[in-house]
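Chain and residue survey
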Amino acid sequence: MDNRPIGFFDSGLGGLTCIPNLFSRLPEERVIYFGDTARTPYGSKAVSTIRHYADQIADFLASQDVKMMVIACNTITATCLEELQARFPQMPIVGIIGPAAEKIAENCDSTNNIGIIATKVTIASDDYNTMIKAKNPALNVYSKATPAFVPLIEEGIVDNDIMDLTIRHYLDDFVAENNLDTLVLGCTHYPIIRKEIMRLYPQLKIVNPSYEIIGRIEEILREKDMLAAGNDRENIFYASDLSENFVNMIQKILEIESSELILKFKNLDL
Ligand code: DGL
């Protein structure tokens, strides 16, 4: 048994989409979340910059005595997972891409046409395609970078015409030309526009990797006998910029009142 919190992190608020799944599956667990809202988005930045930021966040979470780290960001997973695992050899560190890729490889076959949408950096890494094909080389995988989604979501532009136009701009041809039947939300911000995507493309089966990562967390904690029990600690959410948008979005995603939310500012450059 281990009641220390799990450290979750993302470039901004996207990683929050994993948290309700954690609480419904493992209600005794507590989290320390870090969203780098001052420097988001990461998805079009140089890999060296993303590594520098990820190192700072991981150092901060390690200083908070977390029992494991969860990279709730595809972009950081694609660029930094092995490096962070090497830096913290005693700490279990999970990335979001592997568990989802395994599930897709298990559940799909060669009759499916699978589309991956993600940031430029995640798509350039080719990690989803490589990991899916490593498990099942017969699968048809198509990838597309959709970089405008994250800035719009961080700005709270979600359920309106601007988002609908942006979704259609990226997906109309991608879905039609590849005859897609499955779409993988390869960025943790994208579950926030899941409903909008489903409304525009009702024929698509949507895969949300935020579910699969929770299964992997449970497996690791169970195996190491580190699941929490009778936990009276609190959940704490840190951000490098506590903007009004972030506060509104965090309440919406976690479905909790501001009075119940422990929200703290943390500038990693200080
Ligand atoms: N949530 C991050 C991801 O999963 C967004 C990356 C960004 O900041 O552009 O890739």
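What you see as residue numbers is a count from 1 along each chain, following the sequence as written. Only residues with pLDDT of at least 70 get local features here, since the model is predicted, and only at 80 or more are side-chain atom pairs given and counted; chain-wide, interface and lining totals rely on the full set of residues. As a rule here, side-chain values cover all heavy atoms of the structure and leave hydrogens and water aside.

**Topic: the site of the ligand**
Note the following rule: Nearness is defined per residue: one heavy atom within 4 Å of the molecule or strand is enough. Under this definition, polar contacts are N or O atom pairs within 3.5 Å; protein pairs additionally need one hydrogen-donor-capable and one acceptor-capable atom, and for neighbouring residues in sequence, both atoms have to be side-chain atoms. Here the Shrake-Rupley method, with its probe set to 1.4 Å, supplies the accessible areas, and only the displayed protein chains count as covering residues. All amino acids are sorted into three groups, where Ala, Val, Leu, Ile, Met, Phe, Trp, Tyr, Cys and Pro are nonpolar, Asp, Glu, Lys and Arg are charged, and the leftover types, Gly among them, are polar.
Around the ligand, 14 residues are found, and the nearest of them are Ser11, Tyr42, Gly43, Thr75 and Thr188. Take Asp10: an N or O atom from its side chain is 2.9 Å from a nitrogen atom of the ligand. Residue Tyr42 places a main-chain N or O atom 2.7 Å away from an oxygen atom belonging to the ligand. About the coverage of the ligand: the protein hides 99% of its 300 Å² of free accessible area. The residue inventory of the shell around the ligand, partitioned by class, reads five nonpolar, eight polar and one charged.

**Considerations on the state of the cysteines**
Note the following rule: Cysteine sulfur atoms that come within 2.5 Å of each other are treated as a disulfide pair. Burial classes follow relative accessibility: with a 1.4 Å probe on protein chains only, a residue under 20% of its type's maximum area counts as buried, one over 50% as exposed, and anything between as partly exposed.
All chains considered together, the criterion is met by zero disulfides. Not engaged in a disulfide, the cysteine Cys18 finds its nearest cysteine sulfur in Cys73; these two sulfurs lie 9.9 Å apart. The class of Cys18 is buried, set by a relative accessible area of 0%. Left without a disulfide partner, Cys108 is nearest to the cysteine sulfur of Cys18, which lies 20 Å away.

**Some details on the side chain of Thr166**
Note the following rule: Labels follow the DSSP assignment, with helices taken as runs of H or I lasting at least four residues and strands as runs of E lasting at least two, numbered in each case from the N terminus.
By the secondary structure assignment, Thr166 is in helix H8 (residues 161-177). You can call Thr166 buried: its relative accessible area is 13%. A polar contact of 2.7 Å, which involves the side chain of Thr166, links it to the backbone oxygen of Ile162.

**What to know about unusual backbone geometry**
The omega torsion of the bond from Thr40 to Pro41 falls at 0 degrees, within 30 degrees of zero and hence cis. Checked against the element boundaries, Pro41 lands in the loop between strand E2 (31-35) and helix H2 (47-63). A positive phi is found at Asn179, a non-glycine position, where the angle reads about 50 degrees. By the secondary structure assignment, Asn179 is in the loop between H8 and strand E7 (182-185). According to the relative accessible area criterion, Asn179 is exposed, its value standing at 56%.

Just distances and angles here, no functional claims.
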